[in-house]
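# A closer look at the structure
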Amino acid sequence: MATPYLLYVTPEGEIVEEHRLQALSFGDRPLRESDLIPLPDGVTLSMMPDRLAVGQKRSGVRQVLPQSRGWAVAALLPIGYTRTLLPAYEKVPDTEPLPFFGYSAVAGMDGKLYVAAVKTDEVRKWHPRSFNRQKLERLVHEKQEKYPENRIIGQHAHCALDYSCPTASNLFFERWEMAIAVSPGCNARCVGCISKQEEEDLISPQDRLDFIPSVDEIVEVAKGHLESAEDAIVSFGQGCEGEPLLQWPRIGKAIKALRQQTDRGVININTNGSNPRWLQHLYDAGLDTLRVSTISGHPETYNAYYRPLGYTFDDVKESLRRANAEGVYSSINLLSFPGLIDREREVEALLSLARDTGLRLIQLRNLNIDPEVFLPRMPDFETMGKAVGMRKLIQILKQELPDVEIGNFTRPIQRQSSSAQV
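The name given to the protein chain in an unreviewed UniProt entry is Radical SAM protein, with the source organism recorded as Dictyobacter alpinus. Heading Cofactor (unreviewed entry) of the UniProt record for the protein chain holds this comment: "[4Fe-4S] cluster".

Moving on to the overall build of the protein chain. Looking only at helices and strands, the protein chain features 11 helices and 22 strands. On C-alpha atoms alone, the protein chain measures out to a radius of gyration of 22 Å, which is about the 22 Å that the 2.2 N^0.38 rule sets for 422 residues. Its C-alpha atoms give the protein chain principal-axis dimensions of about 70 × 45 × 40 Å. Buried positions account for 58% of the 422 residues belonging to the protein chain. Taken as a whole, the protein chain presents about 17900 Å² of accessible surface, with 46% of it coming from carbon and sulfur. Between the averaged position of the 49 positive side-chain charges in the protein chain and that of its 56 negative side-chain charges there is a distance of 3 Å.

The backbone phi angle of Asp 28 is positive, close to 65 degrees, even though this residue is not glycine. Take Asp 28: it is sitting in the loop between strand E2 (15-25) and strand E3 (29-30).

Turning our eyes to something else, we now look at the side chain of Thr 167. Checked against the element boundaries, Thr 167 lands in helix H3 (residues 166-173). Setting aside residues up to four positions removed in sequence, Thr 167 forms contacts with Trp 126, Glu 177, Met 178, Ala 179 and Gln 238.

The assigned domain composition of the protein chain is domain 1 (5-119) and domain 2 (128-407). At the junction of the two partners, domain 1 supplies 26 residues and domain 2 supplies 27 residues. Summed over both partners, the interface of domain 1 with domain 2 buries about 2000 Å², with 60% contributed by carbon and sulfur atoms. At the boundary of domain 1 with domain 2, the tally comes to 2 salt bridges. Remark: the boundary between domain 1 and domain 2 carries 12 residue pairs in polar contact (both at pLDDT 80 or more). Class assignment of the residues belonging to the side of domain 1 that touches domain 2 gives a composition of 16 nonpolar, 4 polar and 6 charged.

Because each turn of an α-helix spans 3.6 residues, side chains separated by three or four positions in sequence point in the same direction. With respect to burial, H3 is a largely interior element, 8 of its 8 residues being buried. For H3, every residue scored as buried is listed here: Pro 166, Thr 167, Ala 168, Ser 169, Asn 170, Leu 171, Phe 172 and Phe 173. Looking at the buried residues of H3, the elements they touch are helix H1 (133-146), helix H2 (151-163), strand E16 (177-180) and helix H4 (215-228). Trailing H3 by a residue or two, Glu 174 shows a phi angle of about 60 degrees, which is positive.

The next point concerns helix H11 (residues 390-400). Among the residues making up H11, those that are buried are Met 390, Leu 393, Ile 394, Ile 396 and Leu 397. Around the axis of H11, the buried residues are gathered within 160 degrees of arc, so they sit on the same side. Of the exposed residues in H11, those oriented more than 90 degrees away from the buried face are Lys 398 and Gln 399. For H11, the elements touching its buried residues are strand E10 (81-83), strand E15 (117-119), strand E20 (329-336), helix H9 (344-357), strand E21 (361-366) and strand E22 (405-407).

Applying the stated rule across the entire model yields 11 aromatic pairs. Aromatic side chains Trp 248 and Trp 278 sit 6.3 Å apart centroid to centroid with 20 degrees between the ring planes, which places their arrangement in the stacked category. Residue Trp 248 is located in helix H5 (residues 248-261), and its partner Trp 278 is located in helix H6 (residues 276-285); the two are separated by 30 residues in the primary sequence. For Trp 278, a relative accessible area of 25% puts it in the partly exposed group. Judged by centre distance (6.4 Å) and plane angle (75 degrees), the rings of Tyr 302 and Tyr 311 are edge-to-face. Like Tyr 311, Tyr 302 is buried. Following the ring pairs from residue to residue traces out a cluster consisting of Tyr 302, Tyr 305, Tyr 306, Tyr 311, Phe 313, Phe 337 and Phe 374. Lying over the aromatic face of Phe 131, Arg 175 brings its terminal NZ or CZ to 4.8 Å of the ring centre. Taking NZ or CZ as reference, Arg 175 lies 4.1 Å from the ring centre of Phe 173, over its face.

When pLDDT is averaged along the protein chain, the result is 95, and 98% of the positions lie at 70 or above. For residues 418-422, every residue scores under 50 in pLDDT, and the model assigns this stretch 11 contacts once sequence neighbours within four places are set aside.

The subject of this paragraph is the sheet that holds E20. Read from one edge of the open sheet, 7 strands run E16-E17-E18-E19-E20-E21-E22, paired in parallel fashion. On the outer flanks of this sheet lie E16 and E22, each paired with one strand and no other. This sheet shows a mean twist of 25 degrees between the axes of neighbouring strands, independent of strand direction. Here 4 bridges tie E16 to strand E17 (residues 233-236), and the two strands are oriented parallel to one another. Following the sheet pairing, Glu 177 is matched in E17 by Ile 233. Across the sheet, H4 lies against E16, E17 and strand E18 (266-271), angled at about 175 degrees from E16, the strand it touches most. Helix-sheet contacts for helix H7 (residues 299-306) involve strand E19 (289-294) and E20, and the interaxial angle to E19 is about 85 degrees.

Reading the values: rules and limits
Residues numbered from 1 in each chain as written. Predicted model: local features only at pLDDT ≥ 70, side-chain atom pairs only at ≥ 80, totals over all residues. Heavy atoms only, no water. UniProt positions renumbered as here; feature names shortened; annotations may be inferred. Helix = DSSP H or I, 4+ residues; strand = E, 2+ residues; numbered from the N terminus. Rg over C-alpha atoms; globule rule 2.2 N^0.38 Å. Buried < 20%, exposed > 50% of the residue type's maximum accessible area, 1.4 Å probe, protein only. Areas by Shrake-Rupley, 256 points an atom, 1.4 Å probe, with all protein chains shown as cover. Lys, Arg positive; Asp, Glu negative; His and termini not counted. Charge placed at Lys NZ, Arg CZ, Asp CG, Glu CD. Contact = heavy atoms within 4.5 Å. Domains from an automatic or database assignment. Buried area = accessible area lost by both parts, 1.4 Å probe. Salt bridge = Lys/Arg side-chain N within 4 Å of Asp/Glu carboxyl O. Polar contact = N/O pair within 3.5 Å; in protein donor to acceptor, adjacent residues only side chain to side chain. Nonpolar A, V, L, I, M, F, W, Y, C, P; charged D, E, K, R; others polar. Arc of directions from axis to C-beta. Phe/Tyr/Trp six-rings, centres within 6.5 Å; stacked < 30°, edge-to-face > 60°. Lys NZ or Arg CZ within 6 Å of the ring centre and 35° of its normal. pLDDT = per-residue confidence, 0-100. Pairing = 2+ DSSP bridges. Axes fitted to C-alpha atoms, helices over the stretch in contact; angles between N-to-C directions.

So this is what it looks like as structure tokens:
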């Protein structure tokens, strides 16, 4: 078998191969050929500023490359691929945290580039080539001219053009899953929140929504999409907002109004699932699908990351149970950090959560965060048993939960049976 070798990036931005050093993953574990897949289409290689590249000599001695050579390099995966190992590096003391990206270990073999990842879903609808920039700019302009007073369209024009958000872009392409952001507030303080950070040294990569749209604005944006878009999904709860459930009365009224006008398409909410009573109102209004965000099936790990305000992990589970009882297709958005979610305690807790709540889908999501920010805020990993590895975790989930789909994306599945008040 080939031995993966170290890659690093020079100060000028050139990727360099260091054949004399074996590539390592986070925690100084030597990378093996079986850990890696060829660099997929759509991946981005990223410099890790102020992080020195490290590798292992044939003697087994760890070696750190000097700063003059450059920095460690990582891969940022396209959606549809799940990271299995984090990159190794040596942090320069007293430096800023890394930007909020999902850093994956990379290596070279036989002159080609590889990444520690596994493909977990079909990527066509989420691949960058499906979002032609020139066409998107034209469609954004046309939509804003047609609906100049609709603030949702203005918000997602910003998200589509400035952040390349796929669901925001789909609003303008009039296809697939489309975003509707509704809530500037939140009842959790997630460590890795991408739209609002409380800590001074952590900079959110996105701007938080700063208004609450009216029911009319929501219906105006959503109706045409539901009626005519291919595989139409209208999704509340986006990366540019807080917790949509805080606006449940408004969402409920919008869902009822939409379902009075069309029975086509899927209405979805991406939520922390913090209030089962509020969600019940949305189930009754005609919600089709539910995706609840979590990092774990264990309350200790969940609380450490989400830092909930006024709700508990039991509330989250009850929201999922009620969704199952109402025929609402339920999934979890599982924030995945290799070395945490694949530990024995976490695997058992995840299986228990899925069985207890009747989950239909586990959406794996690479957690975008600096490991040095994340790890000190989490429970002691040593109390969670050994890490079985991300590939093994996925294998266990498929074997133990044969009725639960494993993927990355929300499915356009309408409600199985409904008690909706239309």
